[in-house]
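# Coordinate analysis (summary)
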Amino acid sequence: MRSLTLKLTLAFLIIGLTGAVLTALFVGFRTRSEFDRFVLDRYQADLVADLASFYEEYGAWSDLEAVLLRNPNRRRRPEFLRVPVVVADADGIVQFGGKSHRPGERLTESNLKRAVPIQVDGETVGWLWAPFLLQQAPMISPRLRPETVFLARVNQAIFFGALGAAVIALLLGILLARTISRPVRKLTEATQRIAQGELGLQVEVRSEDELGELGRSFNQMSSDLARSSELRRQMTADIAHDLRTPLSVILGYTEALADDKLQGTPEIYGVMHEEARHLQHLIDDLRTLSLVDAGELSLQRQPTAPRELLERTAATYASKARSKHITLSVEADADLPTINVDPDRMAQVLNNLVSNALRFTPEGGAITLGAKSDGGMVTLSVQDNGAGIAQADLSNIFARFYRGDETRNVEDGESGLGLAIAKSLVEAHGGTISVESRLGTGTTFTIALL
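Residues numbered from 1 in each chain as written. Predicted model: local features only at pLDDT ≥ 70, side-chain atom pairs only at ≥ 80, totals over all residues. Heavy atoms only, no water.

Across all of its chains, the model carries four aromatic pairs by this definition. A centroid spacing of 4.7 Å and a plane angle of 40° characterise the contact between phenylalanine 54 and tyrosine 58, whose relative ring orientation is tilted. One end of the pair, phenylalanine 54, and the other, tyrosine 58, are both in helix α1 (residues 4–58), four residues apart, so they sit about a helical turn from each other. Overall, the relative accessible area of 1% leaves phenylalanine 54 in the buried class. Considering the side-chain rings of phenylalanine 398 and phenylalanine 445, the 6.1 Å spacing of their centres and the 80° angle between planes classify their relative orientation as edge-to-face. With a gap of 47 residues between them, phenylalanine 398 in the loop between α10 (391–394) and α11 (408–411) and phenylalanine 445 in strand β11 (residues 442–449) connect regions that are remote in the sequence. Residue classification places phenylalanine 398 among the buried positions, given a relative accessible area of 16%. Site record: aromatic cluster; members linked through ring pairs are Phe54, Tyr55, Tyr58 and Trp61. (Phe/Tyr/Trp six-rings, centres within 6.5 Å; stacked < 30°, edge-to-face > 60°. Helix = DSSP H or I, 4+ residues; strand = E, 2+ residues; numbered from the N terminus. Buried < 20%, exposed > 50% of the residue type's maximum accessible area, 1.4 Å probe, protein only.)

Moving on, we get to helix α8 (residues 306–323). Taking 1.5 Å of rise per residue, the 18 residues of α8 would be expected to cover 26 Å, and the 26 Å separating its terminal C-alpha atoms lies within 8% of that figure. By the largest-angle criterion, tyrosine 317 marks the main kink of α8, which is about 50°. Among the residues making up α8, those that are buried are Pro306, Leu309, Leu310, Thr313, Ala314, Tyr317 and Ala321. If you follow the buried residues of α8, they end up packed against β5 (302–304), β6 (327–332), β7 (339–341), α9 (343–360), β8 (366–374) and β9 (377–384). (Expected span 1.5 Å × (residues − 1). Bend = angle between axes of the 7 residues up to and from the residue. Contact = heavy atoms within 4.5 Å.)

What follows concerns the side chain of arginine 345. Tracing the chain through its elements places arginine 345 in helix α9. Despite being buried, arginine 345 has no salt bridge partner; aspartate 342 is the closest side chain of opposite charge, sitting 4.7 Å away. Apart from the residues within four sequence positions on either side, arginine 345 is in contact with Thr288, Leu297, Ser298, Leu299, Leu425 and His429. (Lys, Arg positive; Asp, Glu negative; His and termini not counted. Salt bridge = Lys/Arg side-chain N within 4 Å of Asp/Glu carboxyl O.)

Attention shifts here to the confidence of the model for the protein chain. Chain-level statistics for the protein chain give a pLDDT mean of 80 and a share of 86% at 70 or above. A low-confidence stretch, residues 134–140 stays under pLDDT 50, and its non-local contacts, those more than four residues away or across chains, total 20 contacts. (pLDDT = per-residue confidence, 0-100.)

Here the focus is the nonpolar core. Formed by 43 residues in total, the largest nonpolar core has its most connected members in Leu353, Ile367, Leu369, Val382 and Ile447. Counting residues in each nonpolar core, the second largest holds 16 residues, with Phe54, Trp61, Phe96 and Val120 among its members. (Core = buried A, V, L, I, M, F, W, Y, C linked by side-chain atoms within 4.5 Å.)

Bringing the packing of α9 against helix α12 (residues 418–428) into the picture now. It is the contact of α9 with α12, at a shortest axis distance of 9 Å, that shows an interaxial angle of 145°. Considering only the axes of α9 and α12, their crossing is left-handed. Residues Arg345, Gln348, Val349, Asn352, Leu353 and Asn356 of α9 touch α12, and the partners they reach there are Gly418, Leu419, Ile421, Ala422, Leu425 and Val426. A class-by-class count of the residues in the contact of α9 with α12 yields seven nonpolar, four polar and one charged. (Axes fitted to C-alpha atoms, helices over the stretch in contact; angles between N-to-C directions. Left-handed = near helix turned anticlockwise from the far one by under 90°. Nonpolar A, V, L, I, M, F, W, Y, C, P; charged D, E, K, R; others polar.)

For β8 and β9, the ladder comprises eight bridges, and the chain directions are antiparallel. Bridge pairing links leucine 369 to valine 382 in β9. Where β8 hands over to β9, the hairpin turn is made up of two residues, of which glycine 375 adopts a positive phi near 60°. With seven bridges connecting them, β9 and β11 associate as antiparallel partners. Each residue of the ladder has a partner; that of aspartate 384, found in β11, is threonine 443. (Pairing = 2+ DSSP bridges.)

Pasting the structure below:
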């Protein structure tokens, strides 16, 4: 089941149906039982009323059976003649006993305790003992109407039925609450552990609903945090390394010059200047990335023709391409729409891509800057037929300070931030950048802009 909403709905439905069914079954059973008791109680009340009427009419219990038999058409003929009942006088002497007792016998104390008094004008004139009725329901006081007792018992049945249903609903609710709270509690504990620095922690995901999705999102977040922390540590180490190299060169020369161990020459000053420029370039790259990360990078957008961007970049690197005998060309569709970008920032992106292409394209190779339009989207591309990039490196190619070849960027004096900056600048424009490459065939970087 993939929806927590559906689970909760079904759980509440099951709880409601369970309560309703239990209440209906319990109340139905008790109502049938109490109705049978009501019939017996009503029968008992009629017998007591008939006997009281008989005593009130004749003033005594003598010849009870004979009198009744002589008057078979009485308006209210006592029904006790058809059931095994015993009628005794006020002293417990049997007056009518059917087949179980003979007249003149005395009822035992236990029988009298279970017998129903027959009263006339508030005085007990006899006792009714009905073994058959007592096997099914206890005798009730003649002062209570059977209807009242029946309603009281039915109300009691409803109360206990509702109480039982509430208990079952409570148990089901506790089970449901634990089912929901268990993964939430585990996520809370895992979050607290991550807050204490235990990055990369994973929680077990057992469902496909929203809670399962939350668990998977948490696991992904935890993994990303661990990876980001590792990349941050690596980036700090790489920054320190990249800063240390030119600083070491500059410090070495300046110390030697200060100690008169080395005489200044244009070549030495040129090396120092290049190393200082490398430091400046690295600092500028780091500042650009920090502005992007903070969301404070300002873009001076203006309508710009894609071909002008490509031709500007081609002109910048035309001399270097000729020196390496590399063909650098621009291929752009006619009537391309303008794009609303910051020309300087997009030129920085293209410069990074072309600079990389020049480094890894052999002499006699070709680099093509392309532009085309597709359904309102303009794509810019930088394609070369150089060494290419290994598939294992493609997923990390835009990572900061990532080097598939640990030596090539250091040797070229690059900071290792060019592609990371290019990606950040393109995304700041609301676009995307992707790469396709095969070793020995070449590489194509594609920028998509609206």
